[in-house]
Amino acid sequence: MKGIDILWVVFASVLVFLMQAGFLCLEGGMTRSKNSINVAIKNLADFCLSTLVFWCFGFGLMFGVSYQGWLGVDLFALDFASAPPALTVFFLFQVMFCGAAVTILSGIVAERMKFGGYLFVSFVVAGILYPIAGHWTWAGLGGSSGSGWLADLGFVDFAGSTVVHSVGGWAGLALVLIVGPRLGRFGHESGRRAITPSNMPTATLGALLLFIGWLGFNGGSTLALDDTVPAILVNTVIGGCIGAISAGGLSYAVNQRLDVDQFINGALGGLVAITANCFAVSTGSAALIGLVGGMIVVFFSRILETLKIDDAVGAIPVHLGAGMWGTLATGLYGDLDKLGTGLSRFEQIAVQGLGVLVYGVWTFGLAFVIFYTGNSVLRFRVSEEAEIAGLNISEHGLQHESELQSPTELVLGKVG
Amino acid sequence: MKGIDILWVVFASVLVFLMQAGFLCLEGGMTRSKNSINVAIKNLADFCLSTLVFWCFGFGLMFGVSYQGWLGVDLFALDFASAPPALTVFFLFQVMFCGAAVTILSGIVAERMKFGGYLFVSFVVAGILYPIAGHWTWAGLGGSSGSGWLADLGFVDFAGSTVVHSVGGWAGLALVLIVGPRLGRFGHESGRRAITPSNMPTATLGALLLFIGWLGFNGGSTLALDDTVPAILVNTVIGGCIGAISAGGLSYAVNQRLDVDQFINGALGGLVAITANCFAVSTGSAALIGLVGGMIVVFFSRILETLKIDDAVGAIPVHLGAGMWGTLATGLYGDLDKLGTGLSRFEQIAVQGLGVLVYGVWTFGLAFVIFYTGNSVLRFRVSEEAEIAGLNISEHGLQHESELQSPTELVLGKVG
Amino acid sequence: MKGIDILWVVFASVLVFLMQAGFLCLEGGMTRSKNSINVAIKNLADFCLSTLVFWCFGFGLMFGVSYQGWLGVDLFALDFASAPPALTVFFLFQVMFCGAAVTILSGIVAERMKFGGYLFVSFVVAGILYPIAGHWTWAGLGGSSGSGWLADLGFVDFAGSTVVHSVGGWAGLALVLIVGPRLGRFGHESGRRAITPSNMPTATLGALLLFIGWLGFNGGSTLALDDTVPAILVNTVIGGCIGAISAGGLSYAVNQRLDVDQFINGALGGLVAITANCFAVSTGSAALIGLVGGMIVVFFSRILETLKIDDAVGAIPVHLGAGMWGTLATGLYGDLDKLGTGLSRFEQIAVQGLGVLVYGVWTFGLAFVIFYTGNSVLRFRVSEEAEIAGLNISEHGLQHESELQSPTELVLGKVG
């Protein structure tokens with residue numbers, strides 16, 4: 001591995017790390033301030049935990065020597081001081097990806113899960129669900145022998161529309177079904193107060209940081225600074241921009257005002273959609289893929305709403321919805337030479353569809369079983385009192401300063 | 001283009017992208033919370049829109065084959081999948097510059113413009129004003145044949161004190177004259193409540209992010225990682241730091257306390273001032289240029305105040321005021337060999353002055369005409385009721401959680 | 001210096017610059033909103049001032065030709081336009097380090113110091129304490145002849161557990177002893193309101209930005225993109241992650257709930273601890289070093305509490321406590337070949353201990369003398385009234401918008 005390629009992957013890793021900050025802002029801004037400390041610290045904690053888990057065994061399961069294309073069987077708890085630099089920098093990049101996959105869940109089930117339960121979930125995603133599923137498509141990328149069974153069939157997912165984003169989305173869907181909606185989210189009384197985000201400017205900042213980080217997410221997936229990098233980056237930028245315009249425009253057409261969270265999530269949907277195929281499509285196709293990606297976010301949000309599935313930040317539409325689309329779009333619009341699978345257009349589309357299906361069945365199925373079991377032991381959900389009081393106080397004994405200085409207290413004087 | 005140069009320009013592009021996050025924080029923090037969602041989403045939206053516009057035709061107008069040095073006539077809606085990597089990465093860098101130029105306006109006219117009107121403005125800046133003006137100085141940078149007529153005269157503006165910053169400032173000045181000051185900004189009653197920024201720490205964070213991003217803005221303008229880069233970066237850092245100290249010190253001398261927004265804008269003024277000339281001046285000159293840049297921000301703010309021009313975040317002093325100074329300073333202090341125009345010191349100063357004048361007349365004049373016309377059709381300004389209620393609620397139907405839980409409601413109980 | 005090494009150091013410099021934004025968020029979030037503007041602007045101001053001071057003479061004292069290993073005697077106020085690019089980029093990196101060392105103090109003594117007094121402190125740290133102390137270990141790094149007397153003894157501190165972090169911590173300790181605790185911090189009345197952080201999500205974001213920046217802090221200290229970089233980065237990530245888990249777990253064991261600030265500071269403690277030795281330890285050792293680093297943060301916090309030393313953000317435990325540990329750990333776990341001092345394990349441990357002692361005596365001692373003298377002239381501390389009112393209003397005449405719209409005013413109507 002040449003120095004410039006190492007530098008490129010290091011830079012990309014830093015950008016993907018920055019996405020963690022983006023998720024923190026996005027999720028903290030879209031949820032209520034009584035839970036925001038909990039939301040923020042979960043973002044940092046899942047990164048820290050999943051990094052250690054991925055180092056100990058996730059990385060080996062995902063990128064170790066392949067056992068029949070199903071999982072890796074070495075590279076556990078590596079000592080990188082004596083590993084080849086190329087493998088070490090690859091680990092650095094991949095551990096950031098793992099953090100991103102895990103963090104997707106934190107937003108979906110925000111504002112109602114115990115901290116301990118969430119750590120269990122992070123452990124499962126980082127140590128089992130994500131690395132094994134990832135092996136099927138990405139085995140061998142780090143230089144180990146063998147390849148994944150889905151990759152052998154011709155399944156292509158360049159930077160992870162499915163491998164990272166849909167996997168996170170499917171696992172989150174399983175989890176939210178078990179944990180249930182937040183109190184009051186789907187109340188029938190018309191006078192019931194809707195759940196209001198605490199800070200949409202912070203959420204917008206988060207979306208921007210995610211967007212910036214995505215340049216590393218997609219660009220770095222080349223694992224080398226070659227001539228394809230600039231076009232990958234431009235496709236990524238175009239996909240994200242048009243996703244925002246598309247979702248924003250669609251929601252404007254319906255509501256006659258710019259729906260801020262749809263605009264934000266549209267950008268992210270466009271980015272997710274372009275993730276699988278950014279290396280193999282024209283700029284025009286990138287625009288189309290982002291356009292549809294943004295619309296899918298809007299439609300998917302409606303569907304979840306109708307099904308009374310309470311995704312606190314709209315991450316399922318973004319990561320699962322647009323992720324499936326992007327994976328299919330790889331078959332539909334990808335340059336067959338660049339995909340390099342030797343399949344015909346029709347075969348490629350079919351195998352992309354198969355991949356979407358397989359990842360859905362595996363991730364949702366296994367996640368549901370494990371989370372269901374975990375929930376019966378650990379009781380993921382906080383008590384009703386704790387949820388009403390907010391997780392800042394119930395989980396961490398903390399309130400914002402502004403909550404302490406309550407108006408009542410200020411006007412009437414402190415009691416006691 | 002060598003790999004390392006591609007990597008450098010990619011890195012610089014990411015840093016300029018980060019400036020978008022900086023602008024978001026700066027503008028959101030300096031304005032009132034009742035408008036902050038609107039401010040934030042405008043920052044993301046103008047980036048998304050201007051990127052698409054710049055791809056479709058702005059880039060071609062600015063960097064296509066030159067028609068007599070006045071505008072470019074190809075490179076519209078390029079497919080970057082089949083373009084040379086050097087051109088693609090150049091586009092990536094330039095599209096981020098375009099976003100920066102557009103976003104300058106958003107702060108100036110914050111808290112009173114309709115979202116739709118602002119999109120129109122973004123379209124005009126990204127698609128017409130900025131790229132055509134830019135062509136006159138920067139044509140040919142991307143490799144197309146021909147050069148701009150101002151560049152041919154010897155006008156030098158390395159990274160855009162004028163081409164980006166003054167253009168944004170001039171267009172913003174035209175716009176703010178049409179849109180008018182915010183309600184209550186220049187009221188005569190002494191008891192009238194001043195307009196208070198919602199969150200100066202966030203604004204300070206924004207200034208820091210802008211400062212960081214500026215290293216890419218100036219450093220990347222080499223378009224290659226050559227031996228000039230380190231000195232460019234150090235000059236940039238010195239210019240920004242001394243601009244802050246200078247504006248802060250000047251306002252301290254007047255008010256006997258540190259004026260936080262002058263300190264922040266002084267840093268930005270120093271950065272704008274050093275942008276045109278950072279490649280061609282000594283570190284000592286950089287310090288002087290930044291020093292004066294910071295002072296100009298303070299003086300320019302006073303002038304706007306006196307003229308009752310309501311620039312909500314002080315962006316005109318920063319981008320227009322310090323931008324003109326930096327452009328002139330290029331003639332005054334630039335190493336003539338490094339400028340490489342073959343002009344004498346006096347001629348160089350004259351042509352720099354001419355450039356400042358030309359850009360002012362063109363940008364302000366055309367912007368005024370287009371915005372005036374647009375305003376008579378679209379009515380840029382929100383209604384008085386909407387402005388009092390805040391643009392969060394009037395434009396997006398959203399309020400901060402803290403606004404919903406009004407003290408009255410908490411103390412007296414929710415009515416109804 | 002090869003292009004790729006220049007690019008690497010530039011990139012690392014940008015990341016260390018980003019740490020300034022991290023400190024701003026961390027300190028602003030952990031302190032009260034009535035002081036947050038002051039906290040934020042101090043972060044920007046100390047960077048600006050210390051950059052100028054470091055350029056004028058700090059850099060020369062630290063990296064100029066060595067006078068007997070005690071201090072440098074040239075490279076003052078360099079003109080980088082005519083300096084070698086390698087020296088210029090080295091300055092860029094080091095000036096960011098200087099900013100980090102200075103900023104450590106701002107958090108410790110937040111919420112009670114006058115702005116002018118804090119500028120004096122920044123000047124002293126950037127111009128005297130930090131560069132002279134740094135010379136003893138790092139002289140010669142920039143290419144000047146001579147080496148520091150501690151380095152000659154075999155003292156190793158790769159990226160500055162002691163040279164940057166402990167120095168900042170010791171100076172901060174001296175300062176906090178002179179300035180004293182915040183009003184009410186150690187009051188005896190049980191009913192006294194504790195000091196509540198204004199915004200822990202922002203503090204968590206700050207920790208993440210610091211973590212990201214640390215990759216440049218440690219990785220860039222190679223000053224070249226060589227094969228050791230990837231392992232340095234992975235060690236850094238592992239150290240930080242396990243520090244968070246360790247401090248969080250320890251405080252959980254004690255309090256039965258996740259202590260958010262201990263979790264955050266644990267991550268930073270792990271990062272500080274790995275800073276001195278990340279180039280010379282195995283990944284397993286990195287985990288151990290981070291683990292202990294996190295615990296030290298928790299213990300050190302208790303000690304400060306017991307001694308009634310009021311460190312507003314817990315920076316002394318992080319930077320001084322974990323810094324000393326990391327420096328000793330370099331002797332305990334560092335690969336002797338990679339340390340390259342020719343000392344035996346025992347000798348290496350001894351000289352690391354000596355370094356810890358020497359830096360403590362020098363920095364604390366001199367800082368105490370200078371700050372004590374400065375304080376008797378400038379009166380560092382704000383008045384009691386100003387401290388109660390908050391430094392936003394007393395130092396800058398600013399309040400947050402939310403403070404202006406006080407509940408009383410909203411409920412009862414504005415008086416007057």
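I will try to describe carefully the structure that is included in this document. Source: prediction; values computed, not measured.

### Structural notes on the interface of chain B and chain C
Move 1: At the interface, 47 residues of chain B touch 52 residues of chain C.
Move 2: In total, about 4300 Å² of surface goes out of reach between chain B and chain C, with carbon and sulfur atoms giving 83% of it.
Move 3: One can count 0 salt bridges joining chain B with chain C.
Move 4: Our enumeration of links across chain B and chain C arrives at 3 residue pairs in polar contact (both at pLDDT 80 or more).
Move 5: Taken together, the elements giving at least two residues each to the side of chain B that touches chain C come down to α1 (3-30), α7 (200-219), α8 (229-255), α9 (260-275), α10 (283-306) and α17 (407-412) of chain B.
Move 6: Partitioning the side of chain B that touches chain C into residue classes produces 33 nonpolar, 9 polar and 5 charged.

### Remarks on the relation of the copies chain C and chain A
Move 1: You can overlay chain C on chain A at an RMSD of 0.0 Å; the transform is a turn of 120° with a shift of 0.0 Å along its axis. Taken together, these values place the two copies in the relation of a three-fold axis.
Move 2: Looking at the interface residues of chain C, only 9% of them are also at the interface in chain A, so each copy uses its own face.

### Looking at the relation of the copies chain B and chain C
Each copy of the chain is related to the other by a rotation around an axis and a translation along that axis.
Move 1: Mapping chain B onto chain C is achieved by rotating through 120° and translating by 0.0 Å along the same axis, at an RMSD of 0.0 Å.
Move 2: When you check the interface residues of chain B against chain C, a mere 9% turn up at the interface there too, and the two sides of the contact use different surfaces.

### Section: the environment of A:G28
Residues and elements named next belong to chain A.
Move 1: Tracing the chain through its elements places G28 in helix α1 (residues 3-30).
Move 2: Residue classification places G28 among the buried residues on the basis of a relative accessible area of 14%.
Move 3: Among all residues touching G28, those that are not within four sequence positions of it are F23, V39 and S198.

### A closer look at the pattern of salt bridges
Move 1: Tallying each qualifying case throughout the model produces 21 salt bridges over all chains.
Move 2: For B:D310, the salt bridge identified is with B:R112, shortest N-O distance 3.8 Å. With B:D310 in the loop between α10 and α11 (315-333) and B:R112 in the loop between α3 (85-108) and α4 (115-138), this residue pair connects regions lying 198 residues apart in the sequence. B:R112 matches B:D310 in its accessibility class, with the two residues each being buried.
Move 3: Residue B:D310 is joined to B:R182 by a salt bridge in which the shortest nitrogen-to-oxygen separation is 2.8 Å. Of this pair, B:D310 sits in the loop between α10 and α11 while B:R182 sits in the loop between α6 (161-179) and α7, placing them 128 residues apart in sequence.
Move 4: The exposure class of B:R182 is buried, given its relative accessible area of 5%.
Move 5: Taken together, the shared-partner salt bridges connect A:R32, A:E111, A:R112, A:R182, A:R185, A:E305 and A:D310 into one network.

### Quick notes on the packing of α4(B) against α6(B)
Residue and element names in this part refer to chain B.
Move 1: Two elements in contact, α4 and α6, have axes separated by 10 Å at closest approach and are oriented at 140°. Considering their axes alone, α4 and α6 lie oblique with respect to each other. Between α4 and α6 the crossing geometry is right-handed. Contacts between α4 and α6 involve V121, L129, Y130, A133, G134, T137 and W138 from the first element and V163, V164, V167, A171 and L175 from the second.
Move 2: When its residues are assigned to classes, the contact of α4 with α6 shows 10 nonpolar, 2 polar and no charged.

Basis of the calculations
Residues numbered from 1 in each chain as written. Chains lettered and ligands numbered in written order. Predicted model: local features only at pLDDT ≥ 70, side-chain atom pairs only at ≥ 80, totals over all residues. Heavy atoms only, no water. Contact = heavy atoms within 4.5 Å. Buried area = accessible area lost by both parts, 1.4 Å probe. Salt bridge = Lys/Arg side-chain N within 4 Å of Asp/Glu carboxyl O. Polar contact = N/O pair within 3.5 Å; in protein donor to acceptor, adjacent residues only side chain to side chain. Helix = DSSP H or I, 4+ residues; strand = E, 2+ residues; numbered from the N terminus. Nonpolar A, V, L, I, M, F, W, Y, C, P; charged D, E, K, R; others polar. Least-squares fit on C-alpha atoms with pLDDT ≥ 70 in both. Buried < 20%, exposed > 50% of the residue type's maximum accessible area, 1.4 Å probe, protein only. Axes fitted to C-alpha atoms, helices over the stretch in contact; angles between N-to-C directions. Parallel < 35°, antiparallel > 145°, perpendicular 65-115°, else oblique. Left-handed = near helix turned anticlockwise from the far one by under 90°.

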